[in-house]
Amino acid sequence: MNRNTRLAIFAVVIIAVVGVVLSQLASTEPDGLEFVAEQEGFAGAATDHSLEGAPLADYGDDGLSRAIAGGVGIVITLALGYGLFKILGRSDSDQPAAGD
Amino acid sequence: MHIPDGFIGPGASAIAGVGAAGGFAVAVRQAKTYLTDRLVPLAALSAAFVFAAQMVNFPVLPGMSGHLIGGVLAAVLVGPSAGYLIMAIVLGVQALVFADGGLSALGLNIINLGGIAAVGGYWLYRVMLRFSNRSPRSVVFVSGLAAAISVPLAAAGFAVEFALAGTTTSVSLTSVLWALIGTHVLIGIGEGIITAAVIGAVVRSRPDLVYGAPTYTGQRTEDLVA
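Presented here is a report on the structure given in the accompanying data block. For every chain, the first residue of its written sequence is number 1, and the numbers climb from 1 along that sequence. Going through the entries in the order they are written, you letter the chains from A and number the ligands from 1. For this predicted model, a pLDDT threshold of at least 70 governs which residues receive local features, and a threshold of 80 or more governs which side-chain atom pairs are given and counted, while totals over whole chains, interfaces and linings are taken from all residues. As a rule here, side-chain values cover all heavy atoms of the structure and leave hydrogens and water aside.

**Some thoughts on the overall build of chain A**
Just so we agree on the cut-off: Runs of E in the DSSP output that reach at least two residues are strands. Runs of H or I that reach at least four are helices, and both are numbered from the N terminus. Note that the radius of gyration is over C-alpha atoms, with the globule rule given as 2.2 Å times the number of residues to the power 0.38. Only protein chains enter the calculation, and the probe is 1.4 Å; a residue is then buried if its accessible area is under 20% of its type maximum, exposed if over 50%, and partly exposed in between.
Check the secondary structure of chain A and you find 3 helices and 0 strands. Ordering the α and β elements of chain A from the N terminus gives α-α-α. Its C-alpha atoms give chain A a radius of gyration of 20 Å, clearly above 13 Å, the size a compact globule of 100 residues would have. Principal-axis analysis of the C-alpha atoms places the extent of chain A at approximately 60 × 30 × 25 Å. Split into buried and exposed, the 100 residues of chain A put 34% on the buried side.

Okay, structure coming up:
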């Protein structure tokens, strides 16, 4: 296994630990915008999300569904990112010698 | 920092949607000019990291949390246009799969976190890097600093949108603006620390791949320090 493959696998492991394990410890307090909206009196203007009933809405409501949500989201963003950037990127052989 | 449906009126939200889509088209065209196959894995990993890290709210004040935006992080790693696209991907997945961030507010959220935090934050990074010695250590420090500043900047973006097209008119706009900036300056400290840590790790292992670092060996759409 070459060094780049090892680095990529290492990165995926770190990302999975963040999204699946560390996300379990996330604070459930309101974030900055929600906090200010409550303090300043416009929190009530927020309407329910149209997809509130989706299976993984709000990343699930218990530890297991949160872990699944993290895993699913990582796979989707990795796939969409890889797909989009693969389409946009030129193959390395098409470009002149790298340099700045 | 994800705007829900209902805070900003439908007309302005729709205009922001068109603006964000236009930004996406520009970013695609720009990204094509420098993206090559060897940058694709880092770009895809950046998108997944931003998604994962945004799930981890950290405590900031009693009763308030914050989470990474990741705009400057992505933009320094793979360039501002790819950074914008990464934020659009993450925000789109969050809104469509996880009901996080309003569907009607998706354009607003892409403008604030992709346009202001990622692209705006990257330009701030570039300007500040000129005043440093451009060593790897400076790249890490300046990216953390730019990331920290990008958080209140994005929050100020929301304050402006709220002032122009907010659905609640009975509130003090100056009070909202200063409350948003004050809280997000604190959240920005976390943003800066996480960004510096990740940029530091990538610069150490693959300095040639970090778009915003002088050690980058690929093409850029602009000179880093010109």
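**Focus on empty space enclosed by the protein**
The test is simple: A pocket here means an open set of points on a 1 Å grid, computed over the protein atoms alone, that has protein on both sides within 12 Å along at least five of seven lines. A cavity is instead a set of points where a 1.4 Å probe fits but cannot get out; residues with an atom within 4 Å of a point line either one. Grid points are joined across faces, edges and corners, and a volume is the space filled by probe spheres set on the points.
For the coordinates displayed, the defined rule picks out 2 cavities of 30 Å³ or more. When its volume is computed, the largest cavity comes out at roughly 60 Å³. Asp31 and Gly32 of chain A together with Met1, Ser65, Gly66, His67, Ile69, Val151, His184 and Ile187 of chain B together form the lining of the largest cavity. Here the second largest cavity is characterised by a volume of approximately 30 Å³. Together, His2, Leu91, Ala95, Asp100, Gly101, Gly102, Leu106 and Asn109 of chain B line the second largest cavity. Contributions of two or more residues to the lining of the second largest cavity are made by helix 4 (80-97) and helix 5 (106-130) of chain B.

**Comments concerning the side chain of Asp5 of chain B**
Our working rule: Working convention for charge: Lys and Arg count positive, Asp and Glu count negative, and His plus the chain ends are omitted. Salt bridge, as used here, is a side-chain nitrogen of Lys or Arg placed within 4 Å of a carboxyl oxygen of Asp or Glu. Counted as a polar contact is a pair of N or O atoms within 3.5 Å, where, for protein atoms, one must be capable of donating a hydrogen and the other of accepting one, and residues adjacent in sequence contribute only when both atoms are in side chains.
Locating Asp5 of chain B in the fold gives a position in the segment before helix 1 (10-34). Put simply, Asp5 of chain B is tucked away with no salt bridge, and the nearest opposite charge, on Arg66 of chain A, sits 19 Å away. Of note is the side chain of Asp5 of chain B, whose polar atom sits 3.3 Å from the backbone nitrogen of Leu103 of chain B. At a separation of 2.5 Å, a polar atom in the side chain of Asp5 of chain B contacts the side chain of Ser104 of chain B.

**Looking at a nonpolar patch on the surface**
For the record, the criterion: Patch membership requires more than 30% relative accessible area and the absence of a salt bridge. Residues of like charge join within 9 Å; the nonpolar side chains Val, Leu, Ile, Met, Phe, Trp and Tyr join within 5 Å. In short, Shrake-Rupley with a 1.4 Å probe defines the accessible areas, and a residue's cover is counted only from the protein chains shown.
Together, Met1, Ile9, Val13, Val17 and Val21 of chain A line one region of the surface with nonpolar side chains, adding up to about 470 Å² of accessible area. Structurally, Val21 of chain A can be placed in helix 1 (residues 3-21).

**Notes on unusual backbone geometry**
Glycine aside, negative phi is the norm for most residues, and most peptide bonds take the trans geometry. Although it is not a glycine, Asp58 of chain A sits at a positive phi angle of roughly 55°. Within the secondary structure, Asp58 of chain A sits in the loop between helix 2 (32-40) and helix 3 (63-88). Residue Arg134 of chain B is not a glycine yet carries a positive backbone phi of 60°. Within the secondary structure, Arg134 of chain B sits in the loop between helix 5 and helix 6 (136-165).

**Brief notes about the pattern of salt bridges**
All names here are of chain B. This structure, assessed with the given rule, holds 3 salt bridges over all chains. We note a salt bridge from Arg38 to Asp208, for which the minimum N-O separation is 3.3 Å. Taken as a pair, Arg38 in the loop between helix 1 and helix 2 (40-54) and Asp208 in the segment after helix 7 (173-205) lie far apart in primary sequence, 170 residues in all. Across the pair Asp208 and Arg206 runs a salt bridge, and its minimum N-O distance is 2.7 Å.

**Focus: the environment of Leu45 of chain B**
As a reminder, the rule being used: Contacts are assigned to residue pairs with any non-hydrogen atoms lying within 4.5 Å of each other.
Tracing the backbone shows Leu45 of chain B in helix 2. Sequence spacing of Leu45 of chain B and Gly166 of chain B is 121 residues, and the spatial spacing of their C-alpha atoms is 35 Å. Among all residues touching Leu45 of chain B, those that are not within four sequence positions of it are Ala8, Ala11, Val12, Ile15 and Leu78 of chain A.

**Here's the deal with helix 7 of chain B**
As a reminder, the rule being used: Given a helix with a known number of residues, its expected span is that number minus one, times 1.5 Å. Here the bend at each residue means the angle between axes fitted to two seven-residue stretches, the one ending at that residue and the one beginning there.
The end-to-end C-alpha distance of helix 7 of chain B, which contains 33 residues, comes to 46 Å, matching closely the 48 Å that a straight helix rising 1.5 Å per residue would cover. The sharpest bend along helix 7 of chain B reaches about 30° and sits at Leu186 of chain B.

**A word on the side chain of Thr195 of chain B**
Residues and elements named next belong to chain B. As for its placement among the helices and strands, Thr195 is situated in helix 7. Here the side chain of Thr195 touches Glu191 through a polar contact of 2.7 Å, landing on its backbone oxygen. The residues touching Thr195, leaving out its near neighbours within four places in the chain, are Leu68, Val72, Leu73, Ser143 and Ala147.

**Side note on the interface of chain B and chain A**
Our working definition: By definition, the buried area sums, over both parts, the 1.4 Å-probe accessible area that each loses when the two are put together. Think of it as three bins: nonpolar holds Ala, Val, Leu, Ile, Met, Phe, Trp, Tyr, Cys and Pro, charged holds Asp, Glu, Lys and Arg, and polar takes everything else, Gly as well.
The partner chain A presents 63 residues to the 72 residues of chain B that form the contact. A combined buried area of about 5,500 Å² lies between chain B and chain A, and 68% of that area is made up of carbon and sulfur atoms. Joining chain B to chain A, the criterion identifies 1 salt bridge. Lys86 of chain A serves as the salt-bridge partner of Asp37 of chain B, at 3.7 Å between the closest nitrogen and oxygen. Inspection of the region where chain B meets chain A yields 18 residue pairs in polar contact (both at pLDDT 80 or more). Elements represented by at least two residues in the side of chain B that touches chain A include exactly helix 1, helix 2, strand 1 (58-61), strand 2 (64-66), helix 4, helix 6 and helix 7 of chain B. Across the side of chain B that touches chain A, the residue classes tally to 45 nonpolar, 20 polar and 7 charged.

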